[in-house]
Amino acid sequence: MGLSDAELDAVRAIERADGADDDLESFFAGAAQARPVREVRVEPFMIARHPLTVAQVRHWLPEYEDSFADSASSTARLEDDLDDLLATWPFRLPSEAEWEYAARAGTTTLTFRGDDRPDEDHVLDDFADEERTAAAENAFGLVAVGSANEICADVWIPHFTDAPVDARPRTGDGPRVVRGGAGDVHPWQGCDEWLLLLSATRYEIQDFTAVRPVAAVPTGPGHA
């Protein structure tokens, strides 16, 4: 877990090949926020195929409105109603370690698709087209990982020093961690928004957020 030396080298290679829109000095200066790299033990868990859509949020919050979304099948972004959703639904937020494990899907590259610069084709925000949605799956069958800024259970701490090795969320007062967000600034303005698609990219929540539910793996009779 974390932004590895190999991934930093891959970003430098993209920059040397004129694949960056601007100077990436600020990205490299902030790389410590996703370091040190460490191994984390992640127990089995279930996670949603994609972030909650507007229609899905309305299952729990019938009055929910989203001026950002184009349709009911688009990713829902929550602000003041986030706490209402978390208090109502039967799921939980992923820990940051669980989110990155799910995003990487067994890979150690910049994205689950490799070390090439991701482009706008990686962004998926509406899930009505099942053919396009299925084509975007990673090895775990998840889609839109990195497209929306997805909130995690962890409180924001700008490094991984002394972080748990068993995927527990880091708790405390303050804003939470979010991951992803490349679709939230779409259409891209040429400001290296592709960096938001990287599996290790992390930052603290600022405004609205998307939610990808997590649940425990069922145990007991009938759930072998």
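Computed from a predicted model, the values in this text were never measured in an experiment.

> How do you make sense of the sheet that holds strand 3 (residues 176-179) when you look at a structure like this?
Either a parallel or an antiparallel arrangement is found when strands of a sheet pair, and the pairing is made through backbone hydrogen bonds. In spatial order, the strands read 2-3-4; together these 3 strands make up an open sheet with antiparallel pairing. Two strands in the sheet have a free side with no partner beyond their single neighbour: strand 2 (150-155) and strand 4 (202-204). Mean inter-strand twist for the sheet, computed between neighbouring axes without regard to direction, equals 40°. As defined by bridge partners, strand 3 adjoins strand 4 across 3 bridges and the pair is classed as antiparallel. Bridge pairing in strand 4 places arginine 179 opposite arginine 202.

> Please explain the environment of tryptophan 60 as it appears in this structure.
The topology assignment puts tryptophan 60 in helix 3 (residues 54-60). Here tryptophan 60 falls in the partly exposed class, since its relative accessible area comes to 22%. Separated by 24 residues in sequence, tryptophan 60 and aspartate 84 place their C-alpha atoms 9.0 Å apart. Ignoring anything within four residues of it in the chain, the contact list for tryptophan 60 reads Leu52, Leu85, Thr88, Trp89, Pro90 and Phe91.

> Help me out: how do you make sense of the pairing of strand 2 in this one?
Most of strand 2 sits out of view: 5 of its 6 residues are buried. As paired strands, strand 2 and strand 3 are joined by 3 bridges and run antiparallel to one another. Looking at the pairing, valine 155 lines up with arginine 176 of strand 3.

> What am I meant to see in a negative patch on the surface here?
Among the surface-exposed residues, Glu79, Asp80, Asp83, Asp84 and Asp207 lie close enough to one another that they form a single negatively charged patch. Residue placement: glutamate 79 occurs in the loop between helix 3 and helix 4 (82-88).

> Looking at this structure, I do not really get helix 1 (residues 5-16). What am I missing?
Along an α-helix, a turn takes 3.6 residues, which lines up residues three or four apart on a common side. With 12 residues, helix 1 extends 16 Å between its outermost C-alpha atoms, agreeing within 8% with the 16 Å of an ideal straight helix rising 1.5 Å per residue. Residues of helix 1 that are buried include every one of Glu7, Leu8, Ala10, Val11 and Ile14, and no others. Here the buried residues of helix 1 occupy an arc of 155° about the axis, which is enough to place them on one side. When the buried face of helix 1 is taken as reference, the exposed residues oriented beyond 90 degrees from it are Ala6 and Arg16. On the buried face of helix 1, the contacting elements are helix 2 (25-29) and helix 5 (96-104).

Reading guide: rules and limits
- Counting starts from 1 at the beginning of each chain's written sequence and moves along it residue by residue.
- With the structure being a predicted model, the display of local features is reserved for residues of pLDDT at least 70 and the display and counting of side-chain atom pairs for 80 or more, all residues being used for whole-chain, interface and lining totals.
- Calculation of side-chain values draws on the structure's entire complement of heavy atoms; hydrogens and water are dropped beforehand.
- A pair of strands is labelled paired if DSSP reports no fewer than 2 bridges between them.
- The helix and strand labels rest on DSSP assignments: H or I over at least four residues marks a helix, E over at least two residues marks a strand, and numbering proceeds from the N terminus.
- Interaxial angle, 0 to 180 degrees, is taken between N-to-C directions of lines fitted to C-alpha atoms, where a helix line uses only the stretch in contact.
- Relative accessibility thresholds used throughout: buried, under 20% of the residue-type maximum; exposed, over 50%; partly exposed, between the two (1.4 Å probe, protein chains only).
- When checking whether two residues touch, look at their non-hydrogen atoms; a contact exists if any pair is within 4.5 Å.
- Here a patch means residues that are over 30% exposed by relative accessible area and free of salt bridges, tied together within 9 Å if like-charged and within 5 Å if nonpolar (Val, Leu, Ile, Met, Phe, Trp, Tyr).
- Reported accessibility uses the Shrake-Rupley method at a 1.4 Å probe radius. Residues are deemed covered only where the shown protein chains occlude them.
- Criterion for a salt bridge: a side-chain nitrogen of Lys or Arg within 4 Å of a carboxyl oxygen of Asp or Glu.
- Residues scored as positive are Lys and Arg, those scored as negative are Asp and Glu, and His as well as the terminal groups of each chain are ignored.
- Throughout, a charge is located at the NZ atom of Lys, the CZ atom of Arg, the CG atom of Asp or the CD atom of Glu.
- A helix is expected to reach a length of 1.5 Å times the quantity of its residues less one.
- By definition, the arc is the one covered by directions from the helix axis to the C-beta atoms.

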